[in-house]
Amino acid sequence: PVAVTGYLTFRYALERHRAEVPSYGADHVTYFVHDDYLQLLQETGPSGLLALAALALLPYALARRALARLDPEHKVHAVAAVAGLATLSVHALVDYPFYVPACLVLFGALLGALDRLVAAAGVGRLPVPARPALPRAARAALALVAAFVFLQPVAAEGAAYWGRRQLGEGRTLAAAYWLQVASRLQPRDWRYHWYLGQFWQGQAFAGGGANAVRFALREFDAGLRANPLEVSSLLGRISTYRLLGQELPQSASASQLEAWSSQALAMAPLMPQVRRERARVLAFVGKTRSAGDHR
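The structure displayed is predicted, hence computed values, not measured ones. (Residues numbered from 1 in each chain as written. Predicted model: local features only at pLDDT ≥ 70, side-chain atom pairs only at ≥ 80, totals over all residues. Heavy atoms only, no water.)

Draft legend 1. Seen up close, the pattern of salt bridges. For the structure on display, the rule yields 10 salt bridges. The residue Arg191 makes a salt bridge to Asp189 at a minimum N-O spacing of 2.9 Å. Judged by its relative accessible area of 26%, Arg191 is partly exposed. Residue Arg280 is joined to Glu277 by a salt bridge in which the shortest nitrogen-to-oxygen separation is 3.8 Å. A residue pair is termed a helical-turn pair when its members lie 3 or 4 positions apart in one helix, as Arg280 and Glu277 do in helix H10 (residues 272–294) at three residues. (Salt bridge = Lys/Arg side-chain N within 4 Å of Asp/Glu carboxyl O. Buried < 20%, exposed > 50% of the residue type's maximum accessible area, 1.4 Å probe, protein only. Helix = DSSP H or I, 4+ residues; strand = E, 2+ residues; numbered from the N terminus.)

Rendered as structure tokens:
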């Protein structure tokens, strides 16, 4: 009721309803509505839309109060800052600048410049919360925590890149280590579990036995828990059971595979990978049941 669908969920909504937009085809992928105001409404509801609208409109209110009191040189600077802010705000009606970090940095820099000019005009600045005085040790601790939080995603991306590179060069032990590091650093990011699941699935095909199969399934399931809307993890689970289930003491039943493939089809009905896996599962289930009938 508060967050509505959540951040960056438009792609999943599009996949579920892609058949209703035939002009978009079956292969195009986008994470963005190409209208930031509509996308934020979808992701965070009216509160998010109002917050973005306030952010987009506030600079004009500030500038209007300040322009009459600024000298000609500073007035030119203020108009230039407002023009840059307006460019981003209007562009957001047909694109997604507020989802691009570089554009957000530019917006913040222009807003800061305008704030300084407004202060020079003597009409007040943007409200800034008072910062309580903190001991030096507390400030250092907060800085370390912030650095740790912000560096974790970067470190995870680097570890995943290096792990996949090691795998491409045939260094499977190093690949397993670095891919595991990435998934441990960012356990709520489905991609790193999916990379690791693919790795263990490949090891199972290469003769890794039941343990490799279990590791692959563990990672695909972790990816599903991290992001239940992402169909790739579900496809990984289905293909692992379908192709390597015989390695396990107890594999998924034919009816379970069929149910999972139906779930994937509901999540992304026109995605080629989903349709191919659905066809393979139906063929596998048909063979399994025929073999059972024969016995």
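Draft legend 2. Layout of empty space enclosed by the protein. Taken as a whole and assessed by the stated rule, the structure comprises one cavity of 30 Å³ or more. For the largest cavity, the calculated volume is near 50 Å³. Contributing to the lining of the largest cavity are Arg11, Tyr12, Glu15, Leu229, Glu230, Val231, Met267, Ala268 and Met271. (1 Å grid on protein atoms, 1.4 Å probe; cavity = no way out; pocket = protein on both sides within 12 Å on 5 of 7 lines; lining within 4 Å. Points joined across faces, edges and corners; volume = space filled by probe spheres on them.)

Draft legend 3. A look at the nonpolar core. Within the largest apolar cluster, 38 residues are counted, with the highest numbers of intra-cluster contacts made by Phe199, Val231, Leu234, Tyr241, Leu257, Trp260 and Val274. Considering each element in turn, this core owes the most residues, 13 residues, to helix H7 (residues 190–226). Sequence-distant contacts of Leu257, defined by excluding residues within four places in its chain, comprise Ile238, Tyr241, Arg242, Ala252, Val281 and Phe284. Residues Tyr37, Leu62, Leu70 and Leu117 belong to the second largest nonpolar core, which totals 23 residues. (Core = buried A, V, L, I, M, F, W, Y, C linked by side-chain atoms within 4.5 Å. Contact = heavy atoms within 4.5 Å.)

Draft legend 4. Representation of the layout of surface pockets in the model. Within this model, the largest pocket holds a volume of roughly 590 Å³. Around the largest pocket sit 15 residues that line it, and Tyr7, Leu8, Asp189, Trp190 and Asn227 are the ones nearest its centre. At the level of elements, helix H1 (10–16) and H7 are the ones that each hand at least two residues to the lining of the largest pocket. For the lining of the largest pocket, the element with the most residues is H7, which contributes three residues. Classifying every residue of the lining of the largest pocket gives eight nonpolar, three polar and four charged. Roughly 470 Å³ of internal volume is contained in the second largest pocket. (Nonpolar A, V, L, I, M, F, W, Y, C, P; charged D, E, K, R; others polar.)

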